[in-house]
Amino acid sequence: MNVRSTIPEADSGDINISLADEASARCAQLLGDAGLRLTRHRLALGQMLFLRPHRHVTAEGLYEEATAANLRLSLATVYNTLNQFTEAGLLRRIAADGIKSFFDTDTSVHPHFYLEGEDVLVDVTDGLTFTRIPEALPGHEIARLDVVVHLRRKRDLDPA
């Protein structure tokens, strides 16, 4: 597939980038279908997120990956891009501990384990069933249900 697209550069005018490889074209199509204007940073971060197997990332972790891949962008750009992807429905934000947010590339409703002390979020592989969920407040509807089960390593209580 040989797709050509005009992708605006943040600091300069429009430039032409060849999206010659199929993966880049797929990512560009995904972002375009979500209503996002293509930029170098969105395309690069989109490829890191959406062309790999399902994953959970933090802004800081993705920033480190981008820096290691020689992408020149700021942590603020990563945060902004993740928020834009979330607003466009491409990611789900999971607030694991009230301080740190993870961004999940699987936007379906599913529960997670958060490994305390390890800062890791993983999908619960077994199904989770609720026999009853609370009714929404008057004039409201339930938009989604996030379940995060916090785990920590067992402490060995046997001193021997």
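Heads up: the structure comes first, above all this text.
Residues numbered from 1 in each chain as written. Predicted model: local features only at pLDDT ≥ 70, side-chain atom pairs only at ≥ 80, totals over all residues. Heavy atoms only, no water.

> An account of helix α2 (residues 40-50) is needed here, citing residue identities and associated values.
With eight of its 11 residues buried, α2 lies for the most part within the structure. Listed in full, the buried residues belonging to α2 are Arg42, Leu43, Ala44, Leu45, Gly46, Met48, Leu49 and Phe50. (Buried < 20%, exposed > 50% of the residue type's maximum accessible area, 1.4 Å probe, protein only. Helix = DSSP H or I, 4+ residues; strand = E, 2+ residues; numbered from the N terminus.)

> So what about the sheet that holds strand β7 (residues 120-123)? Which residues, and what values?
The sheet built from three strands is open, its strands ordered β7-β6-β8 with mixed pairing. Each of the sheet's edge strands pairs with one partner strand only, and the pair in question is β7 and β8 (148-151). Neighbouring strand axes in the sheet, compared pairwise and without regard to direction, differ in orientation by 25° on average. Bridge analysis of strand β6 (residues 112-115) against β7 gives four bridges, and the strand direction is antiparallel. Of the residues in β7, the one forming a bridge with leucine 115 is valine 120. (Pairing = 2+ DSSP bridges. Axes fitted to C-alpha atoms, helices over the stretch in contact; angles between N-to-C directions.)

> An account of the sheet that holds strand β4 (residues 92-95) is requested, with residue identities and associated values reported.
Two modes of strand pairing occur in sheets, parallel and antiparallel, and in both the strands are linked by backbone hydrogen bonds. One open sheet holds the three strands; their spatial order is β3-β5-β4, and the pairing between them is antiparallel. With one partner strand each, in any of the chains shown, β3 (56-57) and β4 form the two edges of the open sheet. Strand direction decides the pairing type here: β4 and strand β5 (residues 101-104), joined by four bridges, are antiparallel. Bridge pairing in β5 places isoleucine 94 opposite phenylalanine 102.

> A description of the nonpolar core should follow, citing residues and the corresponding values.
Residues Leu31, Leu49, Leu82 and Phe85 are the most contacted members of the largest nonpolar core, which totals 21 residues. Taken together, the elements giving at least two residues each to this core come down to α1 (22-33), α2, α3 (59-68) and α4 (75-87). Counting residues per element, this core draws most heavily on α2, which supplies five residues. If we skip the residues at most four places from it in the chain, phenylalanine 85 touches Leu31, Leu36, Arg42, Leu45, Gly46, Leu49, Phe50, Leu90 and Leu91. Counting residues in each nonpolar core, the second largest holds five residues, with Ala96, Phe102, Tyr114 and Leu121 among its members. (Core = buried A, V, L, I, M, F, W, Y, C linked by side-chain atoms within 4.5 Å. Contact = heavy atoms within 4.5 Å.)

> Can you tell me about the environment of leucine 62, naming the residues and giving the values?
Inspection of the secondary structure puts leucine 62 in helix α3. For the pair leucine 62 and methionine 48, spaced 14 residues apart in the sequence, the C-alpha separation amounts to 8.2 Å.

> Could you give an account of α4, naming the residues involved and the relevant values?
Over its 13 residues, α4 runs 18 Å from end to end, which matches the ideal 18 Å to within 8%, given 1.5 Å per residue. Of the residues making up α4, those classed as buried are Val78, Thr81, Leu82 and Phe85. Buried residues of α4, viewed axially, fall in a sector of 100°; they line one side. In the core, the buried residues of α4 are packed alongside α1, α2, α3 and β5. Glycine 89 lies just past α4 and shows a positive phi near 85°. (Expected span 1.5 Å × (residues − 1). Arc of directions from axis to C-beta.)

Treat this as a map of the structure, not an account of what it does.
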